[in-house]
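So you can see what is in the structure, the chains are spelled out below.
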Amino acid sequence: QVQLVESGGGLVQPGGSLRLSCILSGFNLAYYRIGWFRQAPGKEREAVSCISRGSLSTYYDDSAEGRFTISRDDAKNTVSLQMNGLKPEDTAVYYCAADARRAFGCYRTSNEYEYWGRGTHVTVSS
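S.K.: In this structure, what is going on with the state of the cysteines? I would like to understand it.
M.R.: Disulfide: a covalent bond connecting the sulfur atoms of a pair of cysteines. With the rule as written, the count across this model stands at two disulfides. Each disulfide pairs two cysteine sulfurs, and for Cys50 the partner residue is Cys106, the sulfurs being separated by 2.2 Å. With the S-S dihedral at roughly 55°, the linkage between Cys50 and Cys106 falls on the right-handed side. Separated by 56 residues along the polypeptide, Cys50 in strand β5 (residues 46-51) and Cys106 in the loop between β9 (92-99) and β10 (115-116) bring together distant segments of the chain. What connects to what in the chain, once the bonded cysteines are numbered by sequence position, is 1-3, 2-4.

S.K.: Where do I start with the packing of aromatic side chains in this structure?
M.R.: The description of two aromatic rings rests on the distance between their centres and on the angle between their planes. Counted by the stated rule, this structure contains six aromatic pairs. Ring geometry for Phe27 versus Tyr115: centroids 5.6 Å apart, planes at 25°, classification stacked. Here Tyr115 lies in strand β10 and Phe27 lies in the loop between β3 (18-25) and β4 (33-39), a separation of 88 residues in the sequence. An angle of 50° between the planes, with centres 5.0 Å apart, marks the rings of Phe37 and Trp116 as tilted. Note that Phe37 is positioned in strand β4 and Trp116 in strand β10, a separation of 79 residues in sequence. Among the aromatic side chains, those forming a connected cluster through ring pairs are Phe27, Tyr32 and Tyr115. Positioned above the aromatic ring of Tyr95, the side-chain terminus of Arg45 is 4.1 Å from the ring centre. Sitting over the face of the ring of Trp116, Arg45 holds its NZ or CZ atom 4.8 Å from the ring centroid.

Reading guide: rules and limits
Residues numbered from 1 in each chain as written. Predicted model: local features only at pLDDT ≥ 70, side-chain atom pairs only at ≥ 80, totals over all residues. Heavy atoms only, no water. Disulfide = S-S within 2.5 Å. Helix = DSSP H or I, 4+ residues; strand = E, 2+ residues; numbered from the N terminus. Phe/Tyr/Trp six-rings, centres within 6.5 Å; stacked < 30°, edge-to-face > 60°. Lys NZ or Arg CZ within 6 Å of the ring centre and 35° of its normal.

Okay, structure coming up:
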């Protein structure tokens, strides 16, 4: 009954902002590192951002650095991805993923995450 549910996607104009949320149920978020991934049609899934336990380590893809911010609220079992200055190339399905099999850091590859949400679609277009 472990579940991750993404929300907050939609259609936004270039330069606009969206805040994606991932709500986790069935386990305590504090024990998990969280990754955000995205996949555009015809392209491979890629890491956008990740955050470690206790927010001690974060990672941003070069395309997201300076525009996106990942954060966690363990009391609410929620992880957020604030996306500012959105560009058409940000259009994709965004997934959150969780894993507790390693103690430190966050990881950028899909196989490092045990649990996945179903995704939320982001479209950046005028």
